[in-house]
Amino acid sequence: MSHTTTVEHVTVIATESLSKRFPRVTALDRLSVDIAPGVTGLVGANGAGKSTLIKILLGLSPASEGRASVLGLDVAKDGSAIRESVGYMPEHDCLPPDVSATEFVVHMARMSGLPPSAARERTADTLRHVGLYEERYRPMGGYSTGMKQRVKLAQALVHDPRLVLLDEPTNGLDPVGRDEMLGLIRRVHTEFGISVLVTSHLLGELERTCDHVVVIDGGKLLRSSSTSDFTQATASLAVEVTDTADHPDGTTALRTALDRAGLTVQPAGRGADGSPGSDHVLLVDVAGEETYDTVRDTIAGLGLGLVRMEQRRHRIAEIFRSGDEDANAAGAANAAEAANAAASAHGNGGAVDAA
Ligand SMILES: Nc1ncnc2c1ncn2[C@@H]1O[C@H](COP(=O)(O)OP(=O)(O)OP(=O)(O)O)[C@@H](O)[C@H]1O
């Protein structure tokens, strides 16, 4: 396990062969993963072990085997020091209904050791940051789910942590609420430099928010890689051309010519999830910079008009569906399904996502 503290190789979370066994179930199974600063998504189907991992990282629940460190501190020995520097947003509703957001967050700030005036100041700043204004003086029992999630995020941030662990922060939110929450989470890192570990059972929403994605299933590590590694390796180019007198079916003429030039081309047709595409759009696999030149020169050579040429990336969920051997695991399949559901909910059910 690396406990490196140099600027180049800082690890905010490291686990080594970490296991957690309950009498009837192994929640974590020899999980070894290193997580760098930034925004990291921890994705897995329900029961994959996400919440169990978070509780171990906070020093709230002992591991059965293996080791873990958070900000270089050992979870088995330094639980309270970890909780001083780490914020935690629990998954379930845990807010007392008859106190206001301000009272609650001030209380949490005081519990973290802030003196009264600093606690009040930090509470006002943090609640404003998460988008709660006048309503922060009202009892939380009357809040919407979105407002409650914002309060839970605020209490995780109020003591100015270096890292926050957010357990399913988009749970129960509608698509607009989810987008707003994901934007807030991103800004926690970009504006305050706080690292984030955010769990979700929806792969699709994490790819827009996270620098890095860790996928677990049945307590085992399926995959850990940067979001761009998930998606850029499979970049493709969407090309649409006009028909001409010489080529009444310009799309087919282009496809034949690009095939001949050695490129991998397919009609956009229907998405992998059955979503409608266009018969006039071709998807060309991008093998390198030269792909763009070949496509441009081929179109010019045929005398076709170019309607559009744009780079597209596959969704993470789609990559799981095709190719990855680990995708046979139920968790990845479930996560991919869930991601598709999320994509549909966002009104964007296409198999590919414009870059
Ligand atoms: N205290 C406990 N006692 C017994 N089994 C537990 C306990 N806590 C969790 N488990 C089991 O461990 C497995 C992992 O649970 P965990 O809550 O970590 O999953 P998760 O990925 O967070 O899923 P969810 O999003 O549904 O909470 C599940 O099978 C769960 O039933």
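Above this text is the structure in question.
Given the structure is predicted, the values throughout are model-derived calculations rather than measurements. (Residues numbered from 1 in each chain as written. Predicted model: local features only at pLDDT ≥ 70, side-chain atom pairs only at ≥ 80, totals over all residues. Heavy atoms only, no water.)

Visitor: In this structure, what is going on with the environment of R122? I would like to understand it.
Guide: Note that R122 resides in helix α4 (residues 116-129). Taking C-alpha positions, R122 is 8.6 Å from D160, a pair spaced 38 residues apart along the chain. Residues in contact with R122, not counting those within four places in the same chain, are L114, L157, V158 and D160. Reaching out from R122, the side chain makes a polar contact with the backbone oxygen of V158 at a distance of 2.9 Å. (Helix = DSSP H or I, 4+ residues; strand = E, 2+ residues; numbered from the N terminus. Contact = heavy atoms within 4.5 Å. Polar contact = N/O pair within 3.5 Å; in protein donor to acceptor, adjacent residues only side chain to side chain.)

Visitor: In this structure, what is going on with the pairing of strand β2 (residues 26-35)? I would like to understand it.
Guide: Within a regular strand, side chains alternate between the sheet's two faces. Judged from the six bridges that link them, strand β1 (residues 13-21) and β2 form a sheet pairing that is antiparallel. Bridge assignment links I13 to a residue of β2, and that residue is I35. Turn length for the β1-β2 hairpin, with the two strands adjacent in sequence and antiparallel, is four residues. (Pairing = 2+ DSSP bridges.)

Visitor: It is not clear to me how the nonpolar core should be interpreted in this structure. Could you clarify?
Guide: Most often, soluble globular proteins have nonpolar side chains that are buried together. Formed by 39 residues in total, the largest nonpolar core has its most connected members in V151, L153, V164, L166, V196 and V198. Per element, the largest residue contribution to this core is six residues, and it comes from helix α5 (residues 145-157). Ranked by size, the runner-up nonpolar core spans 25 residues in total, among them L28, I54, L58 and V70. (Core = buried A, V, L, I, M, F, W, Y, C linked by side-chain atoms within 4.5 Å. Buried < 20%, exposed > 50% of the residue type's maximum accessible area, 1.4 Å probe, protein only.)

Visitor: Explanation requested: the sheet that holds strand β7 (residues 163-166) in the structure shown.
Guide: In a beta sheet, neighbouring strands pair by backbone hydrogen bonds and run either parallel or antiparallel. Spatially, six strands are ordered β6-β7-β8-β3-β9-β10 in an open sheet, and the strand pairing comes out mixed. Because the sheet does not close on itself, it has two edges, and the strands there are β6 (86-89) and β10 (220-226). Direction aside, neighbouring strands of the sheet carry axes that sit 15° apart on average. With four bridges connecting them, strand β3 (residues 39-43) and strand β9 (residues 212-217) associate as parallel partners. Counted as the bridge partner of G41 is V213 from β9. (Axes fitted to C-alpha atoms, helices over the stretch in contact; angles between N-to-C directions.)

Visitor: I tried to follow α4 on my own but got confused; where do I start?
Guide: Given 3.6 residues per helical turn, the α-helix brings residues three or four places apart onto the same face. For α4, which comprises 14 residues, the first-to-last C-alpha distance of 20 Å matches the rise-based estimate of 20 Å (1.5 Å per residue) to within 8%. Buried residues along α4 sit against α3 (101-111), α5 and α6 (175-192). Taken from the residues just after α4, G131 is the one with a positive phi, measuring 90°. (Expected span 1.5 Å × (residues − 1).)

Visitor: What is the right way to look at the pattern of salt bridges in this model?
Guide: In a structure, side chains of opposite charge can pair up when their charged atoms sit close to one another. In the structure shown here, the tally under the stated rule is 15 salt bridges. Of the charged contacts in the structure, one is a salt bridge between E180 and R150, with a shortest N-O distance of 2.7 Å. Taken together, the residues span a long stretch of sequence, with E180 in helix α6 and R150 in helix α5 at a distance of 30 residues. Residue classification places E180 among the partly exposed residues on the basis of a relative accessible area of 41%. Taking the relative accessible area as the measure of exposure, R150 reaches 17% and is therefore buried. Connected through salt bridges with shared partners, the residues D29, R30 and K220 form a single ionic network. (Salt bridge = Lys/Arg side-chain N within 4 Å of Asp/Glu carboxyl O.)

Visitor: Before we go on, may I ask you to explain helix α10 (residues 289-302) in this structure?
Guide: In this model, α10 (14 residues) spans 21 Å end to end at C-alpha, consistent with the 20 Å of a helix rising 1.5 Å per residue. Among all positions in α10, only T291, V295, T298 and I299 are buried. For α10, the buried positions fall inside an angular range of 95° around the axis, keeping them on one side. Across α10 from its buried face, at more than 90 degrees, point the exposed residues E289, A300 and G301. G303 sits one or two positions beyond α10 and adopts a positive phi of about 75°. (Arc of directions from axis to C-beta.)

Visitor: Where do I start with unusual backbone geometry in this structure?
Guide: In most cases, non-glycine residues show a negative phi, while peptide bonds are predominantly trans. One non-glycine residue with positive phi stands out, namely L71, at about 50°. Structurally, L71 is set in the loop between β4 (65-70) and β5 (73-74). Within the chain, D160 stands out as a residue other than glycine whose phi angle is a positive 55°. Within the fold, D160 resides in the loop between α5 and β7.

Visitor: Would you explain the site of the ligand in this entry?
Guide: In the region of the ligand, 13 residues are neighbours, and G47, G49, K50, S51 and T52 sit closest. At 2.9 Å, a backbone N or O of K50 approaches an oxygen atom of the ligand. Across the complex, the protein chains shield 61% of the 620 Å² of accessible surface that the ligand would expose by itself. By residue number, the principal contributor to the shell around the ligand is helix α1 (residues 50-57), which donates three residues. Residues of the shell around the ligand, tallied by class, amount to five nonpolar, five polar and three charged. (Near = heavy atom within 4 Å. Areas by Shrake-Rupley, 256 points an atom, 1.4 Å probe, with all protein chains shown as cover. Nonpolar A, V, L, I, M, F, W, Y, C, P; charged D, E, K, R; others polar.)

Visitor: For this particular structure, what's the right way to read the pairing of strand β13 (residues 281-285)?
Guide: Here β13 lies mainly inside the structure; four of its five residues are buried. In the sheet, strand β12 (residues 265-267) pairs with β13 via three bridges, with the strands oriented antiparallel. In the sheet register, Q266 faces β13, and the bridge partner there is L283.

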